[in-house]
Amino acid sequence: QVQLVESGGGLVQAGGSLRLSCAASGRTFTSYPMGWFRQAPGKEREYVAAINRSGGSTAYADSVKGRFSISRDNAKNTVYLQMNSLKAEDSDVYYCARSRVVLGTPTTALLYDSWGQGTQVTVSS
């Protein structure tokens, strides 16, 4: 089972930027798409972005399109989420996840089977 550890969260003013990182253990990192999700207390986990195995294909939720960018460095077993033009409504706990399927850029949490512990992002307005 892969272990995922997120970092990079914090407090930022509206309009600012943060870069989240997710370091993965294990040898199978390059075999699976990766995704970022976010969740507020009492709400369902929400899809944010996904990237395929090679990093050549990405997908985004409409709410973050044009502001967030997902990337991966397979040599470092790390996936990133660059978040620009942050808004107060982006405040959540952000989770990275590894897909259970090997192809594409899955956009639903049911298609992911390994999750990190989450990192808090707070955007002050």
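Residues numbered from 1 in each chain as written. Predicted model: local features only at pLDDT ≥ 70, side-chain atom pairs only at ≥ 80, totals over all residues. Heavy atoms only, no water.

Q: What is the right way to look at the overall build of the protein chain in this model?
A: When its secondary structure is counted, the protein chain shows zero helices and eleven strands. Relative to the globule expectation of 14 Å for 125 residues, the C-alpha radius of gyration of the protein chain, 13 Å, shows essentially globular dimensions. When the backbone C-alpha atoms are referred to their principal axes, the protein chain occupies close to 40 × 30 × 25 Å. Accessible surface computed for the protein chain: about 6,200 Å², of which carbon and sulfur atoms make up 47%. (Helix = DSSP H or I, 4+ residues; strand = E, 2+ residues; numbered from the N terminus. Rg over C-alpha atoms; globule rule 2.2 N^0.38 Å. Areas by Shrake-Rupley, 256 points an atom, 1.4 Å probe, with all protein chains shown as cover.)

Q: Please explain the packing of aromatic side chains as it appears in this structure.
A: Aromatic ring pairs are reported here in terms of the distance separating the ring centres and the angle at which the planes meet. Summed over all chains, the structure comprises four aromatic pairs. Ring geometry for Phe37 against Tyr112: centres 5.0 Å apart, planes inclined by 75°, an arrangement best described as edge-to-face. Placement of Phe37 in strand β4 (residues 34-39) and of Tyr112 in strand β10 (residues 112-115) is noted, with a sequence separation of 75 residues between them. Between Arg45 and the ring centre of Tyr95, over which it is positioned, the NZ or CZ distance is 3.8 Å. (Phe/Tyr/Trp six-rings, centres within 6.5 Å; stacked < 30°, edge-to-face > 60°. Lys NZ or Arg CZ within 6 Å of the ring centre and 35° of its normal.)

Q: Where do I start with the sheet that holds strand β3 (residues 18-24) in this structure?
A: Strand pairing within a sheet occurs via backbone hydrogen bonds; the two strands may be parallel or antiparallel. Read across the sheet, four strands follow the order β1-β3-β8-β7 without closing on themselves; strand pairing throughout is antiparallel. Strand pairing shows two members of the sheet lacking a second neighbour, β1 (4-7) and β7 (68-73), which therefore form its edges. In this sheet, neighbouring strand axes are inclined to one another by 15° on average, regardless of whether the strands run parallel or antiparallel. (Pairing = 2+ DSSP bridges. Axes fitted to C-alpha atoms, helices over the stretch in contact; angles between N-to-C directions.)

Q: Got a minute to help me understand the nonpolar core in this structure?
A: Most often, soluble globular proteins keep nonpolar side chains buried together rather than apart. Within the largest apolar cluster, 31 residues are counted, with the highest numbers of intra-cluster contacts made by Trp36, Val48, Phe68, Val79, Leu81, Met83 and Tyr94. For this core, the secondary-structure elements that each account for two or more residues are β3, β4, β5 (46-51), β7, β8 (78-83), β9 (92-99) and β11 (119-124). Per element, the largest residue contribution to this core is five residues, and it comes from β5. Dropping the residues within four chain positions of it, Phe68 is found in contact with Arg38, Val48, Tyr60, Leu81, Gln82, Met83, Asn84, Leu86, Asp90 and Tyr94. (Core = buried A, V, L, I, M, F, W, Y, C linked by side-chain atoms within 4.5 Å. Buried < 20%, exposed > 50% of the residue type's maximum accessible area, 1.4 Å probe, protein only. Contact = heavy atoms within 4.5 Å.)

Q: Got a minute to help me understand the side chain of Ser114 in this structure?
A: Counting through the fold element by element, Ser114 comes out in strand β10. Here Asp113 takes part through its side chain, which lies 3.5 Å from a polar atom of the side chain of Ser114. Aside from chain neighbours lying at most four places away, what touches Ser114 is Gln1, Val2, Leu4, Cys96, Ala97 and Arg98. (Polar contact = N/O pair within 3.5 Å; in protein donor to acceptor, adjacent residues only side chain to side chain.)

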